[in-house]
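A structural walkthrough
Given next are the chains, with one letter for each unit.
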Amino acid sequence: MTAEPAPVPDRSASLPDRIRHRFPVLERLVYVNSCSQGALSDSVRDAYAKYLEDWDEHGSPWEYWVERAETARATFARLVGAVPDEVAVTTSLSAGVSALASGLDLASPSGRHKIVMTDYEFPTIGQIWHAQELRGARVEIVQPEPERLEAAIDEQTAVVSITHVSYRNGTKLDVEPIVRLAHDRGALVLLDAYQTVGSLPIDVDALGVDFLAAGVLKYLLASAGLAFFYCRRDLVEQIRPTATGWFADEDIFRMDHRDYSPAPTARRFESGTPPVPSIYAGVAGMELMEEIGIAATREHVQELNAHLVEGLDDLGAKLATPRDPSRRGALLCIRSTDSRALVSALAGEGVVTSERDGNLRVSMHCYNSREDADAVLAALARHRSLLA
Ligand SMILES: Cc1ncc(COP(=O)(O)O)c(C=O)c1O
């Protein structure tokens, strides 16, 4: 008896047609909230089950769990064009950025003690940099416009902290000129790529950034508890984090409590026991995104967003996100007279969105279809009174 041949994926089908069956939530809801949390896939669900099976079967397979963390590190490195030694495995974006901040010498008023950050940053970024004021830093918040950055970044600036796509208005910053300006003035650049990683191709070398932080729960399709921090190789050993722990040590298994000797790699930005269940899920989510294709996702979402923008224009809605597609990520933000009421009105119709800063947030991903975009537009037409 001959075995059944494995089904050949139909490459002529559209991206969502090929993959939607892997995300059960899409059978029940119009899910357009990947800027908050990616949809649960079969493979991420299976990864959690596998974690429990491994635990049950092997008791305490720590060697294997540490190896899983290395797989997560290598997978994320691949996704952003880095090498694994430039990547720390952390439990949140905040943890990586805090480790960086803790290792900077910001105390000398005549030295580089200034942080320039944009007004588009996620709260955690502002909170971490403002906390450094207790250590002598000065924080300047600017609109991310060339002339404002030009005026703010100076010889006293240690770090320029920018977001790739703003969580609250969907603007995508033009990173390379900001990096050039910062480097010309001797400052380093931190990029918060949480709203872009997985939604568009990223290459740290092409962007030229010194540090990058992101997590897996949005466009990398996994869940809470796992994030990464990238540090350019030649900078790693110049920064000695004081927020640290045993997984940052040069030899974790030496168990030496008599000194502080951080790893010569970006592992020095880690702290305690790694988040093993989240690592299983994170690897599954990142591998699924690699299989689906990030460049193909970017192209698909750009098409859907162009369609959405046309429909929003017909409704007379106002965009908070730039109209130029090259200045957008996956996220579209729409002005509302009462964004909370709008999110709950849409939820009542099975359309899952979110809101920030008075804007409705609609974010498409690889699994969203033209029908999803039309369903969003139809629901918004029914709640036209809540659009600004
Ligand atoms: C742009 C951006 N940065 C940072 C965060 C938060 O990161 P974490 O909670 O992992 O520190 C989020 C998301 O929630 C975000 O959208």
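Residues numbered from 1 in each chain as written. Predicted model: local features only at pLDDT ≥ 70, side-chain atom pairs only at ≥ 80, totals over all residues. Heavy atoms only, no water.

1. With respect to the sheet that holds strand E7 (residues 211-215)
How we decide: Pairing between strands is defined by DSSP: at least two bridges between the two strands are required. Note on conventions: DSSP H or I runs of at least 4 residues are helices, E runs of at least 2 residues are strands, and numbering of each starts at the N terminus. Lines fitted to the C-alpha atoms define the axes, with helices restricted to the stretch that makes contact. Angles between their N-to-C directions range from 0 to 180 degrees.
The seven strands lie next to each other as E2-E8-E7-E6-E5-E3-E4, forming an open sheet whose pairing is mixed. Each edge of the open sheet carries a strand with a single partner, namely strand E2 (87-90) and strand E4 (138-142). Sheet twist, expressed as the mean angle between neighbouring strand axes with direction ignored, is 20°. Pairing of strand E3 (residues 114-118) with strand E5 (residues 157-163), which is carried by four bridges, proceeds in the parallel orientation. Bridge assignment links valine 116 to a residue of E5, and that residue is valine 160.

2. Here's the deal with the side chain of histidine 113
Rules: Think of a polar contact as two N or O atoms within 3.5 Å of one another; within protein, one of them needs to be a possible hydrogen donor and the other a possible acceptor, and neighboring residues in sequence only count if both atoms come from side chains. Any two residues having at least one pair of non-hydrogen atoms within 4.5 Å are treated as being in contact.
Relative to the helices and strands, histidine 113 is located in the loop between helix H5 (93-102) and E3. In terms of polar contacts, histidine 113 uses its side chain to reach the backbone carbonyl oxygen of proline 109, at 3.3 Å. When neighbours within four sequence positions are excluded, histidine 113 is seen to be in contact with Leu106, Ser108, Gly136, Ala137, Arg138 and Gln156.

3. Focus: unusual backbone geometry
A negative phi holds for most residues other than glycine; trans holds for most peptide bonds. To keep it simple, the criterion reads: Any residue under 20% of the maximum accessible area for its type is buried, any over 50% is exposed, and the rest in between are partly exposed; the area is computed with a 1.4 Å probe on protein chains only.
Positive phi outside glycine occurs at methionine 255, with the angle close to 50°. The backbone of aspartate 357 sits at a positive phi, close to 60°, despite the residue not being glycine. The exposure class assigned to aspartate 357 is exposed, which follows from its relative accessible area of 52%.

4. A short note on the packing of aromatic side chains
This is how it is decided: Any two rings among Phe, Tyr and Trp, with Trp reduced to its six-membered ring, count as a pair given centres within 6.5 Å; such a pair is stacked if its planes are under 30 degrees apart, edge-to-face if over 60, and tilted if neither. By the criterion adopted, a ring carries a charge over it if an Arg CZ or a Lys NZ lies within 6 Å of its centre and within 35 degrees of its normal.
Under the counting rule described, the total for this entry stands at 11 aromatic pairs. Ring geometry for tryptophan 246 against phenylalanine 247: centres 4.7 Å apart, planes inclined by 75°, an arrangement best described as edge-to-face. Using a relative accessible area of 41% as the deciding quantity, one classes tryptophan 246 as partly exposed. Look at phenylalanine 247 and you get buried, because its relative accessible area is 7%. Through pairs of rings, three or more aromatic residues link up here, namely Tyr51, Trp55, Trp62, Tyr64, Trp65 and Tyr280. The ring centre of tyrosine 194 lies 4.9 Å from the NZ or CZ of lysine 218, which sits over that ring.

5. Re the site of the ligand
Selection criterion: Near residues are defined by distance, with any heavy atom within 4 Å of the molecule or strand qualifying the residue. A 1.4 Å probe and the Shrake-Rupley method give the accessible areas. Residues count as covered only by the protein chains that appear here. Polarity classes work like this: nonpolar for Ala, Val, Leu, Ile, Met, Phe, Trp, Tyr, Cys and Pro, charged for Asp, Glu, Lys and Arg, and polar for all others, with Gly in that last group.
Near the ligand the following residues occur: Ser92, Leu93, Ser94, Phe122, Tyr167, Asp192, Tyr194, Gln195 and Lys218. Here an oxygen atom of the ligand and a backbone polar atom of leucine 93 are 2.8 Å apart. A distance of 3.0 Å separates an oxygen atom of the ligand from a polar atom in the side chain of glutamine 195. About the coverage of the ligand: the protein hides 81% of its 400 Å² of free accessible area. Of the residues that constitute the shell around the ligand, the class distribution is four nonpolar, three polar and two charged.

6. Observations regarding the pattern of salt bridges
This is how the line gets drawn: The rule for a salt bridge is simple: a side-chain nitrogen of Lys or Arg has to be within 4 Å of a carboxyl oxygen of Asp or Glu.
Evaluated as defined, the whole model comprises 21 salt bridges. For arginine 168, the salt bridge is made with aspartate 357, and the minimal N-O distance between the two is 2.8 Å. Taken together, the residues arginine 168 in the loop between E5 and helix H8 (175-184) and aspartate 357 in the loop between strand E11 (354-356) and strand E12 (359-363) connect sequence positions 189 residues apart. You can call arginine 168 buried: its relative accessible area is 15%. Among the salt bridges present, the one from arginine 323 reaches aspartate 313, with a minimum N-O distance of 2.6 Å. With arginine 323 in the loop between helix H12 (294-315) and strand E9 (331-335) and aspartate 313 in helix H12, this pair connects stretches of sequence that are 10 residues apart.

7. Concerning the pairing of strand E8 (residues 227-231)
Consecutive side chains along a regular strand alternate between the two faces of the sheet. Within E8, five of the five residues are buried, which leaves it mostly tucked inside the rest of the structure. Alternating positions in E8 separate into two faces, Ala227, Phe229 and Cys231 on one and Phe228 and Tyr230 on the other, with burial throughout. Looking at chain direction, E7 and E8 are connected through five bridges and run antiparallel. Opposite alanine 213, over in E8, you have phenylalanine 229 as the bridge partner.

Take it as geometry only, folks, not as evidence of what the structure does.
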